[in-house]
Amino acid sequence: MGLALIAVSLMIGFGALGTAIGFALLGGKLLEGSARQPELAPMLQGKMFLIAGLLDAVPMIGVGIAMYVLFVVVPGLPA
Amino acid sequence: MTATQRQQKTALATVKPPLLKIYGLQCIVLLVASGFTYSINGVVAKSLLIGGLISVLPNAYFARQVFKYAGAAYAREVNQSFYRAEAGKFIATVGLFAATFAMVRPLSAVAVFSAYLVGMLLNTLLVAVLRNPGAR
């Protein structure tokens, strides 16, 4: 039970961390690109939206698996 | 309408993909797949529907938040709305998965994850194919 909870914490925590790092890099590049070439800002936003969908796909699946472990594999958490 | 608002509206029209079309198409694909599977196995059909909805609903929220602002003059706001949208999407996904696995019985976990994965891929594909020519 304890190990399962640690596993779930790691899955959610590292998923969030990975997404956060990815988005921080993406956001930084968007600001940089918009400052360098303002006329390209709308195009960069569209591309960022596309990449954002790909970026968080894998961490989200990890989060889903964490919820599966928490509620199906190890049910009946102590109150 | 001020010049800045007009500029903002033009930038949004240039960059915003047809969100209603993208998420409407996803819902149609989901309903068709679920309806087709229902005649074979009701539990799998229900699981497919739930998995697909877990993918579509947070993504729709994300897209709605992201395209509130556009243009170089609003780069800071665009960035902030991206961060807010991502946090909301993450929380919504965690909540929906938790609610599904805690409350829905019987459930096919493989069908839920398959539908979720296909939903994510379909979302990326539709955004890439249907996005505004001005945003390419």
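Note that the structure is predicted; figures quoted are calculated from it, not measured.

As a further point, take the overall build of chain B. Counting its regular elements, chain B contains five helices and zero strands. In chain B, the succession of α and β elements from N to C terminus is α-α-α-α-α. With the principal axes as the frame, chain B shows a C-alpha extent of 55 × 25 × 25 Å. Going through the 136 residues of chain B one by one, you find that 46% of them count as buried. Long-range contacts, defined as pairs at least 24 residues apart, comprise 71% of the intrachain contacts of chain B with a sequence gap of at least 6. Total accessible area on chain B stands at roughly 6900 Å², and carbon and sulfur atoms take up 69% of it.

Right, let's talk about the interface of chain A and chain B for a bit. On the side of chain B, 41 residues touch chain A, which itself brings 35 residues to the contact. Here chain A and chain B share an interface that buries about 3100 Å² over both sides, 79% of which is from carbon and sulfur atoms. Of all residues in chain A, Q45(A), F49(A) and M60(A) give up the largest surface area on contact with chain B, accounting jointly for 25% of the area buried on that side. The tally of links between chain A and chain B comes to one salt bridge. D56(A) serves as the salt-bridge partner of K89(B), at 2.9 Å between the closest nitrogen and oxygen.

Residue and element names in this part refer to chain B. Together, K16, R64, K68 and R84 give the surface a local cluster of positive charge. You can see K68 is positioned in the loop between α3 (42–66) and α4 (75–103). By relative accessible area, K68 is classed as partly exposed at 44%.

Further remarks concern the UniProt feature "domain: V-ATPase proteolipid subunit C-like" (unreviewed entry) in chain A. Residues annotated in UniProt with the feature "domain: V-ATPase proteolipid subunit C-like" (unreviewed entry) correspond here to residues 6–68 of chain A. The distance separating the terminal C-alpha atoms of residues 6–68 of chain A is 14 Å; by composition the span is 92% helix and 0% strand.

Our focus in this paragraph is the UniProt feature "transmembrane region" (unreviewed entry) in chain A. All names here are of chain A. Here the UniProt-annotated "transmembrane region" (unreviewed entry) positions come out as residues 6–27 and 48–74. Spanning residues 6–27, this segment combines 100% helix with 0% strand, and its end C-alpha atoms are found 31 Å apart. Spanning residues 48–74, this segment combines 93% helix with 0% strand, and its end C-alpha atoms are found 38 Å apart.

Attention shifts here to the nonpolar core. One finds F49(A), L19(B), Y23(B), F62(B), V66(B), F67(B) and F82(B) to be the most contacted residues of the largest nonpolar core, which totals 23 residues. Looking at this core, the elements that each hand over two or more residues are α1 (2–36) and α2 (41–55) of chain A together with α1 (3–15), α2 (19–38), α3, α4 and α5 (109–130) of chain B. If we skip the residues at most four places from it in the chain, F82(B) touches F23(A), Q45(A), M48(A), F49(A), A52(A), F62(B) and V66(B). Formed by 21 residues, the second largest nonpolar core is a distinct cluster that contains A57(A), V63(A), I54(B) and Y116(B).

Attention shifts here to the pattern of salt bridges. All names here are of chain A. Enumeration according to the criterion identifies two salt bridges over all chains in this entry. A salt bridge links E32 to R36, with the nearest nitrogen and oxygen atoms 3.9 Å apart. With E32 and R36 both in helix α1, this residue pair falls four residues apart, about one helical turn. Overall, R36 belongs to the exposed group, its relative accessible area being 64%.

Residues and elements named next belong to chain A. Together, L3, I6, L10, F14, L17, I21 and L25 give the surface a local cluster of nonpolar side chains, amounting to about 760 Å² of exposed area. By the element assignment, L25 lies in helix α1. You can call L25 exposed: its relative accessible area is 56%.

Summed over all chains, the structure comprises 12 aromatic pairs over all chains. Here the aromatic rings of F49(A) and F67(B) are separated by 4.9 Å at their centres, their planes lie at 70°, and the arrangement is edge-to-face. On the criterion of chain membership, the pair formed by F49(A) in helix α2 and F67(B) in the loop between α3 and α4 is interchain, its members lying in two chains. Residue class for F67(B) comes out buried when judged on its relative accessible area of 4%. Between F97(B) and Y116(B), the aromatic rings sit 5.1 Å apart at their centres with planes inclined by 65°, giving edge-to-face as the arrangement. Placement of the pair is F97(B) in helix α4 and Y116(B) in helix α5, with a sequence separation of 19 residues. We note that F97(B), like Y116(B), is buried. Linked through ring pairs, F23(A), F49(A), F62(B), F67(B) and F82(B) together constitute an aromatic cluster. Sitting above the plane of the F62(B) ring, K89(B) keeps its charged end 5.1 Å from the centroid.

The rules behind the values
- Residues numbered from 1 in each chain as written.
- Chains lettered and ligands numbered in written order.
- Predicted model: local features only at pLDDT ≥ 70, side-chain atom pairs only at ≥ 80, totals over all residues.
- Heavy atoms only, no water.
- Helix = DSSP H or I, 4+ residues; strand = E, 2+ residues; numbered from the N terminus.
- Buried < 20%, exposed > 50% of the residue type's maximum accessible area, 1.4 Å probe, protein only.
- Contact = heavy atoms within 4.5 Å.
- Areas by Shrake-Rupley, 256 points an atom, 1.4 Å probe, with all protein chains shown as cover.
- Buried area = accessible area lost by both parts, 1.4 Å probe.
- Salt bridge = Lys/Arg side-chain N within 4 Å of Asp/Glu carboxyl O.
- Patch = residues over 30% accessible without salt bridge, like charges linked within 9 Å, V, L, I, M, F, W, Y side chains within 5 Å.
- Lys, Arg positive; Asp, Glu negative; His and termini not counted.
- Charge placed at Lys NZ, Arg CZ, Asp CG, Glu CD.
- UniProt positions renumbered as here; feature names shortened; annotations may be inferred.
- Core = buried A, V, L, I, M, F, W, Y, C linked by side-chain atoms within 4.5 Å.
- Phe/Tyr/Trp six-rings, centres within 6.5 Å; stacked < 30°, edge-to-face > 60°.
- Lys NZ or Arg CZ within 6 Å of the ring centre and 35° of its normal.

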